Amino acid sequence: MEEILDPIILGQLLIGGLLAGALYALLASGLNLVFGVMRVINIAHAEFMLVGAFGAYVLYTAFGLHPLLALFIVVPAVFGFGWFVQHALVERVVGQPMLTSLLATYGLSIVLLNIGVLIFTSDFKGVPALTGSLVFGEFVLPKPRAVAALVSIVFAVGVYLFLERTRLGKAVRAVSEHPHVATICGIDTKRIRMLTFGLAGAMAGAAGTMLSMIYSFAPESGADFIQKCFAIIVIGGMGNFAGALYGGILLGVVEAFVGGFLSTQWAEATAYLLLVLVLLIRPTGLKGAALAR
Amino acid sequence: MKSTIRFLMLLLWSGLAGTVALAAQAADIVVGTSVALSGKYARTGQEQLQGFQMWVEEVNARGGLLGRKVALKYYDDESKPETGAKLYEKLITDDKVDLLIGPYSSDVTMAASTVAEKHNFPMVSSGASASEIWERGYKNTFGLYTLAELYMDQILEYGKSKGLKKIALVYENTSFPRGVASGVRSKAKALGMQVVYDEEYGKASTDFTSTIVKIKAKKPDMIIGGSYLPDSTAFVRQAKENRLYAKIFAFAVGPGLPDFGKNLGLDAEGVMGNTQWEPTLKLPGAKEFSDKYKAKYGHEPGYHAGGGYGAGYVLEEAVKKAGSTDRNKVREALFALDSVNAFGRFKVDKTGKQIGKPAYAVQWLNGERHIVFPVDAATAKVVYPFKDWAKR
């Protein structure tokens, strides 16, 4: 146990935690964006991620396309898919009681999962691209994770700047804050919601593409991720985009250290322990009062 | 909200479980089983089922069993012991099957065998190897697999012969991996080797970064995993990412499957593992089975498929000897049986535990898996030491 306090080990745990956290953040912020704008919890969010992962897998196995290049195909495709899903399904349940949208997106997740099993079977897949690591003195930086973290940061910051700095982003925030007033001001709220869902899908798709190089995944892998995502957005603050980023990185780092000091079994429970802790101390999450309005 | 979701999931899954069963005719001998067709053990479960189905086809082509056609009734246990237990209850009481084949994984077998025991129903159990299954005084579980506790023995002996001392041990928190781990601990002790790292991980774990960082600090000579396919693949990939090095890397289950090489590519090179069976073994009918399987499913059978196929043969021989599907007669026949089929020798002790079949160790070499131990069955010479990640 004493060697755990070695600065190299601590540093390596921190690196691992930050890298994993960045990916969590990307995944969870999409979920939170949708919740913020239309008060819909998208249970199928992790399946959108897996659409991205299997997209990358197919492009890799069929055409030898590197997942990093696959991003340019997968992300727009999942964006379009999200746009379509909003148009065809979710739009109908916006503004309905919470359970209605929960059921609708839950149904969607079942459909996607089973389509996945039909096409790909339940086998675990992996994309053996970009393996190995960069070595900096005593520290190692796993290549796929570092790239995934970089992509996550680019996407998350990009979407954040879009929301904060552009006119369209302002419209998204307006719909999030008060859909009725936004409509009166001449904002096409339906279009904004389709854009939002598409964006969230694109972020999940990007996360999935990155994930394909890091973990083994199967069509049923979504459950583990969506549960963590729920925990992250509650920890960070429901509906707050930046909150999900903080929450994701916090979870990644805490998980790494719990795994280091205790065991990976404890690390798996971390999300929920953290969730309980945050709810006890700060019931609205770290960044927010989204539901208190 | 969460409980609503859980309730809905339960509804869904119980619905799904019922959809895969095949209809059987009244006069057929119905063999019942559950296998993992989804969840963590899906790949291996499906292989086992396919192997068994191949036996069903063959036995029917030979004119059936006791002059009756054999029909198979199976369900998906989703890799879950609790679902498996429910399904065996259903197979025995609702479907009234004539014979039972065990599920895949020691975990699910632990649960299913309790149900079979309650009904005093003999079950030929392919796909289970944790010795705790046979330490409960049961009389109805007949194992085909070499015990989990013996899996790593040959690899440890080899490590010892190379002067290796320090072992890092990681394993999943279920029956079979725990069996592998306890075997490693006692064998290491007997050989005078030291287990310098020992950690259990959860069934859903795919991220071992923290564990690997800690193992690295211990500088072990050998890394041994009591694992299945997804976790062993993830571990090797992350070992490379984190430059974890040891002279020997050995994992249970994963390296015994073609998917290990497919998912890891070149990184599988040099990884050792275990197998219950390989198509190259000189056993009666092994090559024919392998060729036929490959023609039908497009890939070589792994040992899980071989086990399913072998279970069919064991069942066939026992029923023929018993002259009926009467549970007591079949049980007696299974206890008395000592024969060799395409999967290997079948001979059990008075608890139903397999004692006739040896263990085999494999290694991934040039993108293929080869038997390296025991030497008389080897298809390649073991390559040592494991090549440093930095030099690949």
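Being a predicted model, the structure only gives us computed values, none of them experimental.

J.: Before we go on, may I ask you to explain the overall build of chain B in this structure?
T.: Along the backbone of chain B there are 12 helices and 14 strands. Against the compact-globule benchmark of 21 Å for 392 residues, chain B has a radius of gyration of 21 Å, which places it among compact chains. With the C-alpha coordinates aligned to their principal axes, the bounding extent of chain B is approximately 65 × 60 × 40 Å. Taking all 392 residues of chain B together, the buried fraction comes to 57%. A separation of at least 24 residues holds for 70% of the contacts in chain B among residues at least 6 apart in sequence.

J.: Hey, could you run me through the domain arrangement of chain B in this one?
T.: Reports often express the size of an interface as the amount of accessible area lost when the parts come together. Residue and element names in this part refer to chain B. Per the domain assignment, the segments of chain B are domain 1 (2-146 + 282-347) and domain 2 (149-275 + 360-391). Domain 1 and domain 2 are separated by 29 Å when their C-alpha centres are compared. With 17 residues of domain 1 at the contact, the number on the domain 2 side is 16 residues. Sorting the residues of the side of domain 1 that touches domain 2 by element identifies α2 (42-61) and α4 (106-118) as the ones contributing at least two each. A per-element tally of the side of domain 1 that touches domain 2 places α4 first, with 3 residues. Taken together, the residues of the side of domain 1 that touches domain 2 break down into 4 nonpolar, 8 polar and 5 charged.

J.: Explanation requested: the packing of helix α3 (residues 81-93) of chain B against α4 of chain B in the structure shown.
T.: Any two packed helices are characterised by how steeply their axes cross, that is the angle between the axes, and by the distance between the axes. Residue and element names in this part refer to chain B. Taken N-terminus to C-terminus, the directions of α3 and α4 make an angle of 30 degrees; their axes are 8 Å apart at the nearest point. As judged from the angle between their axes, α3 and α4 are roughly parallel. At the point where α3 passes α4, the crossing takes the right-handed sense. Contact residues: Pro81, Glu82, Gly84, Ala85, Tyr88, Glu89 and Ile92 in α3; Asp107, Val108, Met110, Ala111, Ala112, Thr114, Val115 and Ala116 in α4. Grouping the amino acids of the contact of α3 with α4 by side-chain chemistry returns 10 nonpolar, 2 polar and 3 charged.

J.: Is there a simple way to explain the interface of chain A and chain B in this structure?
T.: Taken together, the contacts link 37 residues of chain A with 40 residues of chain B. Those elements that provide at least two residues to the side of chain A that touches chain B are α1 (7-38), α4 (98-120), β1 (133-136), β2 (139-142), α10 (241-261) and α11 (264-281) of chain A. The biggest single contributor to the side of chain A that touches chain B is α1 of chain A, with 5 residues. A breakdown of the residues in the side of chain A that touches chain B according to their chemical character gives 16 nonpolar, 13 polar and 8 charged.

J.: For this particular structure, what's the right way to read the environment of Ala378 of chain B?
T.: All names here are of chain B. Its location among the elements puts Ala378 in the segment after β14 (368-373). The class of Ala378 is partly exposed, set by 17 C-beta atoms lying within 10 Å. C-alpha separation for the pair Ala378 and Ala361, spaced 17 residues apart in sequence, amounts to 8.8 Å. Discounting chain neighbours no more than four positions away, the residues touching Ala378 are Ile371, Val372 and Phe373.

J.: Help me understand helix α5 (residues 153-161) of chain B, please; the structure alone is not making it clear to me.
T.: Because an α-helix packs 3.6 residues into every turn, residues spaced three or four apart end up facing the same way. Residues and elements named next belong to chain B. The set of residues buried in α5 consists of Asp153, Gln154, Ile155, Leu156 and Gly159. Check the buried side of α5 and you find it contacts α6 (175-191), β8 (222-226), β9 (248-251), β10 (272-275), β13 (360-365) and β14. Gly163 sits one or two residues past α5 and shows a positive phi near 80 degrees.

J.: Explanation requested: the pairing of strand β2 (residues 70-76) of chain B in the structure shown.
T.: Look at any regular strand and the pattern is simple: side chains alternate between the two faces of the sheet. Residues and elements named next belong to chain B. Among the 7 residues in β2, 7 count as buried, and that is most of the element. In β2, alternate side chains face the same way, and those of Val70, Leu72, Tyr74 and Asp76 on one face and Ala71, Lys73 and Tyr75 on the other are all buried. Across 7 bridges, strand β1 (residues 29-35) lies against β2 in parallel orientation. Bridge pairing links Gly32 to Lys73 in β2. Of the crossover connections in this fold, the one passing from β1 over α2 to the parallel β2 is right-handed.

J.: Which parts of the structure should I look at to understand the packing of α2 of chain B against helix α11 (residues 303-322) of chain B?
T.: Residue and element names in this part refer to chain B. Axis separation between α2 and α11 bottoms out at 6 Å; the angle between their running directions is 40 degrees. By the angle between their axes, α2 is oblique relative to α11. Relative to α11, α2 is oriented so that their crossing is right-handed. Two secondary-structure elements touch here, α2 through Thr44, Glu47, Gln48, Leu49, Gln50, Gly51, Phe52, Met54, Trp55, Val56 and Val59 and α11 through His304, Ala305, Gly306, Gly307, Gly308, Tyr309, Ala311, Gly312, Tyr313 and Glu316. Grouping the constituent residues of the contact of α2 with α11 by class yields 10 nonpolar, 9 polar and 2 charged.

J.: Whenever I open this one, the environment of Val236 of chain B confuses me. Can you help?
T.: All names here are of chain B. Within the secondary structure, Val236 sits in helix α8 (residues 229-241). Assessed through the 28 C-beta atoms surrounding it within 10 Å, Val236 is described here as buried. Each C-alpha atom of the pair Val236 and Asp267 lies 7.6 Å from the other, and the pair is 31 residues apart in sequence. Here Val236 is in contact with Phe249, Leu264, Asp267 and Val271, once residues within four sequence places are set aside.

J.: Is there a simple way to explain the sheet that holds β13 of chain B in this structure?
T.: Residues and elements named next belong to chain B. Pairing is mixed in the open sheet, where 7 strands are placed in the order β7-β6-β8-β9-β10-β13-β14. Either end of the sheet is taken by a strand with one partner, and the two such strands are β7 (194-201) and β14. Neighbour-to-neighbour, the strand axes of the sheet open up by a mean angle of 25 degrees, direction not taken into account. Across 7 bridges, strand β6 (residues 166-172) lies against β7 in parallel orientation. Across the sheet, residue Val170 finds its bridge partner in β7, namely Glu199.

About the thresholds
Residues numbered from 1 in each chain as written. Chains lettered and ligands numbered in written order. Predicted model: local features only at pLDDT ≥ 70, side-chain atom pairs only at ≥ 80, totals over all residues. Helix = DSSP H or I, 4+ residues; strand = E, 2+ residues; numbered from the N terminus. Rg over C-alpha atoms; globule rule 2.2 N^0.38 Å. Buried ≥ 20, exposed ≤ 12 C-beta atoms within 10 Å, placed from the backbone. Contact = placed C-beta atoms within 7 Å. Domains from an automatic or database assignment. Nonpolar A, V, L, I, M, F, W, Y, C, P; charged D, E, K, R; others polar. Axes fitted to C-alpha atoms, helices over the stretch in contact; angles between N-to-C directions. Parallel < 35°, antiparallel > 145°, perpendicular 65-115°, else oblique. Left-handed = near helix turned anticlockwise from the far one by under 90°. Pairing = 2+ DSSP bridges. Right-handed = clockwise from strand over helix to strand, strands pointing away.

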